[in-house]
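Per-entry structural report
So you can see what is in the structure, the chains are spelled out below.
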Amino acid sequence: MLRTWVRPSAAYNPLATVRKKFVISIATMNAAKQAAGYKAIDNHLLPSFKYVGIGSGSTVVYCVERIAQLREKVPEINSMYFVPTGYQSRQLIVDAGLPLMEIDQFSAGELDIVFDGADEVDSQLNCIKGGGGCQFQEKLVGKCSKKFIAVVDDSKISQRLGEHWLQGIPIEVVPSAHKKVAVDLKRLGASKVTLRSGGKSKAGPMVTDNANFVLDAYFGEIAPERVAELDRSIKLLVGVVETGLFDYADEVYIGRTSGPTEILTRK
Ligand SMILES: O=C(CO)[C@H](O)[C@H](O)COP(=O)(O)O
């Protein structure tokens, strides 16, 4: 984002103060994500593991970076297989030279662990995911894993989902059903439903790794005890492939922009 609006010329400087602040805050945010990603790997990647899920987004990049760094010290990593949640994480695994396996080889509970990012986390460790449109495969990999570790920065933490993530719950839908599902979601109580656009990179709707569309549906702030029920209601709508509501994180690593990484554990 920075690159698109800051003029690089040193002579041009009305925005210099803003620019400096912005640069520092991005660097600080990345340092927080990195600290959390590294700590999650150091604490949870056991040498005995065989199959490890890798989530999507900018934070898991640091998890993969740490796994690659540890290969010499922990040679067992070379005989593990890493299972992606979409094309982005597939590319991360391949670029890091880590052994790759696809999720279609696995069923529930067969992966040892998955490390993934999240868009928002509530007080009971429920998460909204799918900011990058990967929620279906993220949930599939999550459901095939014995443990789900979320890694986020501190801007993602809320009491209730919908407090900070105002874009809405990402819902993957079969393209031919997008209109019907949008109306259904409004009937279910969504105040705003948007068909996600491909933005500057693609004319028309964004298309997921599974060739589907995404509807972002805002349901206001969702009390933690309502998350599972809302997830079920959305899933029942014909045309819905998967929702971005996740209610099974075991631990959340929160990279703090000031202070050490905090760890929240499901009680
Ligand atoms: O759910 C996701 C993609 O579908 C991501 O994990 C989520 O959007 C968080 O991404 P980031 O780490 O870049 O903030």
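Residues numbered from 1 in each chain as written. Predicted model: local features only at pLDDT ≥ 70, side-chain atom pairs only at ≥ 80, totals over all residues.

**Considering the overall build of the protein**
The criterion, for reference: Helix and strand definitions here come from DSSP, where helices need a minimum of 4 consecutive H or I residues and strands a minimum of 2 consecutive E residues; each element is numbered from the N-terminal end. Only the C-alpha atoms count toward the radius of gyration. The rule for a globule is 2.2 Å times the residue count to the power 0.38. Any residue with 12 or fewer other C-beta atoms within 10 Å of its own C-beta is exposed, any with 20 or more is buried, and the rest are partly exposed; the C-beta atoms used are placed from the backbone.
The number of helices and strands found in the protein is seven helices and 13 strands. Its C-alpha radius of gyration of 19 Å places the protein within 12% of the 18 Å reference for a compact globule of 267 residues. In terms of overall dimensions, the protein has a C-alpha envelope of 55 × 55 × 35 Å along the principal axes. Buried residues in the protein amount to 41% of all 267 residues.

**Let's talk about the sheet that holds strand β10 (residues 240-243)**
Quick reminder of the rule: Only strands that DSSP links by at least two bridges are regarded as paired with each other. Working convention: axes come from line fits to C-alpha atoms, limited for helices to the stretch in contact. Angles between N-to-C directions cover 0 to 180 degrees. Residues are defined as contacting one another if the C-beta atoms placed from their backbone atoms lie within 7 Å.
As summarised here, the arrangement of the four strands in space is β8-β9-β7-β10, forming an open sheet in which the pairing is antiparallel. In this open sheet, the two strands that pair with only one neighbour each are β8 (192-195) and β10. Put simply, the sheet's adjacent strands are angled 25 degrees from each other on average, direction ignored. The pairing of strand β7 (residues 169-173) with strand β9 (residues 213-218) spans five bridges and is classified as antiparallel. If you follow Ile169 over to β9, its bridge partner there is Ala217. In the packing of helix α6 (residues 178-188) onto the sheet, the strands contacted are β7, β8, β9 and β10, and the crossing angle to β9 comes to about 15 degrees. On top of the sheet, helix α7 (residues 227-235) reaches β7 and β10; it is set at about 165 degrees to β10, its chief contact.

**Regarding the pairing of strand β13 (residues 262-265)**
In this sheet, β13 lies alongside strand β12 (residues 251-255) in antiparallel orientation, the contact comprising four bridges. Bridged to Val252 within β13 is Leu264.

**With respect to the nonpolar core**
Keep this limit in mind: Among buried residues, those of type Ala, Val, Leu, Ile, Met, Phe, Trp, Tyr and Cys that are joined through C-beta atoms within 7 Å form a set called a nonpolar core. Residue ranges assigned to the domains are those given by an automatic or database domain assignment.
Judged by nonpolar contacts, the single largest core of 61 residues is most densely connected at Ile54, Cys63, Phe115, Ala150, Val151 and Leu215. In this structure, this core is formed jointly by two domains, domain 1 (16-158 + 247-256) and domain 2 (169-243), each of which donates at least three residues. Once residues within four sequence positions are removed from consideration, Ile54 is found in contact with Val60, Cys63, Val64, Phe82, Val83, Pro84, Thr85, Ser89, Leu92, Ile93 and Phe115.

**Observations regarding the sheet that holds strand β5 (residues 127-128)**
Picture the strands of a sheet paired through backbone hydrogen bonds; they go either parallel or antiparallel. Spatially, β4-β5-β11 is the arrangement adopted by the three strands of the open sheet, whose pairing is antiparallel. Strands at the two margins of the open sheet, each flanked by one partner only, are β4 (120-121) and β11 (245-246). Here two bridges tie β4 to β5, and the two strands are oriented antiparallel to one another. Its bridge partner being in β5, Val121 is matched across the sheet by Cys127.

**Some points on the domain arrangement of the protein**
Condition: The nonpolar class holds Ala, Val, Leu, Ile, Met, Phe, Trp, Tyr, Cys and Pro. Asp, Glu, Lys and Arg form the charged class, and all remaining residues, Gly among them, are polar.
The domain architecture assigned to the protein consists of domain 1 (16-158 + 247-256) and domain 2 (169-243). The C-alpha centroid of domain 2 is placed 24 Å from the C-alpha centroid of domain 1. Each partner contributes residues to the interface: domain 1 has 16 residues there, and domain 2 has 16 residues. Residues of the side of domain 1 that touches domain 2, tallied by class, amount to four nonpolar, nine polar and three charged.

**Points about α7**
Applied cut-off: This arc is taken over the directions from the axis of the helix to the C-beta atoms.
For α7, the full list of buried residues reads Val227, Leu230, Asp231 and Ile234. On an axial view of α7, the arc spanned by its buried residues comes to 105 degrees, and they lie on one face. Facing away from the buried side of α7, by more than 90 degrees, are the exposed residues Glu229 and Arg232. Packed against the buried residues of α7 are β7, α6, β10 and β11.

**What about unusual backbone geometry?**
In most cases, non-glycine residues show a negative phi, while peptide bonds are predominantly trans. Despite not being glycine, Leu125 shows a phi value in the positive range, around 70 degrees. Here Leu125 shows up in the loop between β4 and β5. In the Ramachandran plot, Ala211 falls in the positive-phi region, its phi being about 65 degrees despite a non-glycine side chain. With respect to the helices, strands and loops of the structure, Ala211 is situated in the loop between β8 and β9.

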